[in-house]
Amino acid sequence: MTEMMEVSAPSLSLGAAVLPGEWNWSPLGEVTLGIYDCPHSTPKLTDDGPYVVRTQDIISGTFRKAGAARVSRETYLERIKRAVPTQGDLLYSREGTYFGIAAEVPEDEEVCLGQRMVLIRPDASVVNYRYLRYWLNSPFMASHVHGSKDGSVAARLNVSTIRKLPTLLPRLVEQAAIAETLGALDEKIAVNERIAVTADELALALALDERWEKRIRLGEIADLSKVQQVPQEMSDDLVDHYSLPAFDSGKAPDRCSPLSIKSGKFVIDSPAVLLSKLNPEIPRAWDVVPDGSVPSLASTEFLVLVPGLGISTHELWSVVAQRKFLEELAAKVTGTSKSHQRVRPAEVMETEVVDPRQFGEVGGQIRSLAQSILAARRESKTLATLRDTLLPQLMSGRLRVKDAEKIVEDHV
């Protein structure tokens, strides 16, 4: 068994928690069999083949296949020369907008590392890999790694810094119990996401461009809402913030203090469809029904579309989320930076979509599917909030597993 070393971690605070006596600290590098950096090259992407995991694919703490890129087998073999990612390993983002996030290598999927990623191979005799994922994604570690970042332009963690990351180690049996307790919530969230994705695909198939004859300019069936609010001037304690990262990490708004939001945002005061004008080839169309308990704000990278002519947001979403429509927008982008190209709002509103007024009974089916999607994702948001509340309590020893299990049982 690896010898435990006391870690000096002055920037890592567990608050006033008094850790159980049998818990230890160790540098991450001493509880792993290896930490492997990614190849420092940009992989050529293909339409099929093994997945290449990029930082944006794990921002929710799980690897999301939807939207993930693929590489050829030749490229895959080249990128796994240092280590073959296998179940029980962790994928970890070390640089960029989304860094310091861990996700498990998916079961029965071939994956390799994209740029800015490392592979962590836990030593199973010392640390439970699922517990380690929760620890690395805990608010304690989020605060710690952001204080350890390097790089004046792009935030990053060097591999040597990653090896020194402090790791809190309960007894193995307790690590497994913590992971199982939190995992029950994640499993329910995963089930909800599969329900949402399936309903999402069915709704889009019903509105598929090739199935319908009539077209109409988007501007004839929807209005652009441009009302803005400066969050810093709001007196509310909390708001729902619809941002691109929130969309990418599970299509759930971030409930946060308005003081934490830097610039003016669009106000969402009624059901609407948010359509990203940034890099429109990336499908980011969001069917939004505000919660109502707190104000809702949207990033100005979105267009806020309010449906007219008796159309629901669900039907509007089903036609603007179509691949063909998004490809037409992508052909109209401006901007010299390949990673930051935008389409002008006027161009969007002039582009034709399938006219949802011809849907008839299919419209009802789309509305029903959309309600299922919203319900699944709202429950997942509640479960994720519970998980994120329990996680620091368990990790700091303030809450013991048997008490957390009772709380979780009431929600799954």
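Residues numbered from 1 in each chain as written. Predicted model: local features only at pLDDT ≥ 70, side-chain atom pairs only at ≥ 80, totals over all residues. Heavy atoms only, no water.

- An unreviewed UniProt entry lists the chain under the name Restriction endonuclease subunit S, with Streptomyces roseoviridis given as the organism.
- Listed in UniProt under the heading Sequence similarities (unreviewed entry), the comment for the chain reads: "Belongs to the type-I restriction system S methylase family." (UniProt positions renumbered as here; feature names shortened; annotations may be inferred.)

1. Topic: the overall build of the chain
Working step 1: When its secondary structure is counted, the chain shows 12 helices and 20 strands.
Working step 2: The C-alpha atoms of the chain give a radius of gyration of 23 Å, which matches the 22 Å a tight globule of 412 residues would have.
Working step 3: Residues counted as buried form 50% of the 412 residues belonging to the chain.
Working step 4: Sequence separation of 24 or more characterises 78% of the internal contacts of the chain that already satisfy a separation of 6 or more.
Working step 5: Of the accessible surface of the chain, which amounts to about 19,500 Å², a share of 50% is contributed by carbon and sulfur atoms.
Working step 6: The averaged location of the 56 negative side-chain charges in the chain is 4 Å from the averaged location of its 48 positive side-chain charges. (Helix = DSSP H or I, 4+ residues; strand = E, 2+ residues; numbered from the N terminus. Rg over C-alpha atoms; globule rule 2.2 N^0.38 Å. Buried < 20%, exposed > 50% of the residue type's maximum accessible area, 1.4 Å probe, protein only. Contact = heavy atoms within 4.5 Å. Areas by Shrake-Rupley, 256 points an atom, 1.4 Å probe, with all protein chains shown as cover. Lys, Arg positive; Asp, Glu negative; His and termini not counted. Charge placed at Lys NZ, Arg CZ, Asp CG, Glu CD.)

2. Digging into the pattern of salt bridges
Working step 1: In this structure the tally under the stated criterion is 29 salt bridges.
Working step 2: The shortest N-O distance in the salt bridge between K251 and D200 comes to 3.9 Å. Placement of K251 in the loop between α7 (244-248) and β14 (254-256) and of D200 in helix α5 (residues 172-206) is noted, with a sequence separation of 51 residues between them.
Working step 3: On the accessibility criterion, K251 (24% relative accessible area) is partly exposed. (Salt bridge = Lys/Arg side-chain N within 4 Å of Asp/Glu carboxyl O.)

3. Some details on the confidence of the model for the chain
Working step 1: A residue-level look at the chain finds 92% of positions with pLDDT of 70 or above and a mean pLDDT of 89.
Working step 2: A low-confidence stretch, residues 1-10 stays under pLDDT 50, and its non-local contacts, those more than four residues away or across chains, total 21 contacts. (pLDDT = per-residue confidence, 0-100.)

4. Points about α5
Working step 1: For α5, with 35 residues, the first-to-last C-alpha span of 49 Å sits near the 51 Å given by 1.5 Å per residue.
Working step 2: The sharpest bend along α5 measures roughly 30 degrees and falls at G183. (Expected span 1.5 Å × (residues − 1). Bend = angle between axes of the 7 residues up to and from the residue.)

5. Points about the layout of surface pockets
Working step 1: Of the volumes computed, that of the second largest pocket is approximately 230 Å³.
Working step 2: Lining the second largest pocket are H241, P245, D254, C256, S260, I261, K262, S263 and K265.
Working step 3: When the residues that make up the lining of the second largest pocket are grouped by side-chain class, the tally is 3 nonpolar, 3 polar and 3 charged. (1 Å grid on protein atoms, 1.4 Å probe; cavity = no way out; pocket = protein on both sides within 12 Å on 5 of 7 lines; lining within 4 Å. Points joined across faces, edges and corners; volume = space filled by probe spheres on them. Nonpolar A, V, L, I, M, F, W, Y, C, P; charged D, E, K, R; others polar.)

6. Digging into the packing of helix α2 (residues 129-136) against helix α11 (residues 361-395)
Geometrically, a packed helix pair is captured by the angle between its two axes and the distance between the axes.
Working step 1: Contact geometry for α2 and α11: axes closest at 10 Å, N-to-C directions at 105 degrees. As judged from the angle between their axes, α2 and α11 are roughly perpendicular. Two secondary-structure elements touch here, α2 through Y131, Y134 and W135 and α11 through R387, L391 and M395. (Axes fitted to C-alpha atoms, helices over the stretch in contact; angles between N-to-C directions. Parallel < 35°, antiparallel > 145°, perpendicular 65-115°, else oblique.)

7. Quick notes on the pairing of strand β15 (residues 265-268)
Working step 1: Pairing between strand β12 (residues 228-229) and β15: 2 bridges, direction antiparallel. Bridging across to β15, Q228 finds its partner in F266.
Working step 2: Here β15 runs beside strand β18 (residues 296-298); their pairing, made up of 3 bridges, is antiparallel. Bridge pairing in β18 links V267 to L297. (Pairing = 2+ DSSP bridges.)

8. Notes on the sheet that holds strand β19 (residues 302-307)
Working step 1: Pairing within the open sheet is antiparallel, and its 4 strands lie in the order β11-β19-β16-β17. Edge positions in the sheet fall to β11 (222-225) and β17 (285-288), since each of these pairs with one other strand and no more. Within the sheet, the average angular offset between the axes of one strand and its neighbour, ignoring direction, is 30 degrees.
Working step 2: Relative to β19, β11 is paired through 4 bridges, and the arrangement is antiparallel.

9. Some words on the packing of aromatic side chains
Working step 1: The full count for this structure, using the stated rule, is 7 aromatic pairs.
Working step 2: Taking the centre distance of 5.4 Å and the plane angle of 70 degrees together, the rings of F247 and W286 count as edge-to-face. One end of the pair, F247, is in helix α7; the other, W286, is in strand β17, and 39 residues separate them in sequence.
Working step 3: Owing to a relative accessible area of 5%, W286 belongs among the buried residues under this scheme.
Working step 4: For R133, the ring lying beneath its charged end belongs to Y134, and the centroid distance is 4.6 Å. (Phe/Tyr/Trp six-rings, centres within 6.5 Å; stacked < 30°, edge-to-face > 60°. Lys NZ or Arg CZ within 6 Å of the ring centre and 35° of its normal.)

10. Side note on the packing of α5 against helix α12 (residues 401-409)
Working step 1: Between α5 and α12, the shortest axis-to-axis distance is 10 Å and the interhelical angle comes to 15 degrees. As far as their axial angle goes, α12 and α5 are roughly parallel. Where α5 crosses over α12, the two elements pack in a sense that is left-handed. Two secondary-structure elements touch here, α5 through E174, A177, I178, T181, A184 and L185 and α12 through V401, A404, E405 and V408.
Working step 2: The residue makeup of the contact of α5 with α12, split by class, is 7 nonpolar, 1 polar and 2 charged. (Left-handed = near helix turned anticlockwise from the far one by under 90°.)

11. Thoughts on the side chain of S138
Working step 1: With respect to the helices and strands, S138 occurs in the loop between α2 and α3 (139-148).
Working step 2: At 2.7 Å, the side chain of S138 and the backbone oxygen of W135 are in polar contact. (Polar contact = N/O pair within 3.5 Å; in protein donor to acceptor, adjacent residues only side chain to side chain.)

12. Side note on the sheet that holds strand β2 (residues 32-37)
Working step 1: Spatial strand order, β2-β8-β5-β6: 4 strands in an open sheet with antiparallel pairing. Each edge of the open sheet carries a strand with a single partner, namely β2 and β6 (102-104). Between one strand axis and the next, the sheet turns through 25 degrees on average, direction left out of account.
Working step 2: Sheet analysis places strand β5 (residues 90-93) next to β6, joined by 3 bridges and oriented antiparallel. Bridging from a neighbouring strand, L90 pairs with E104 of β6.

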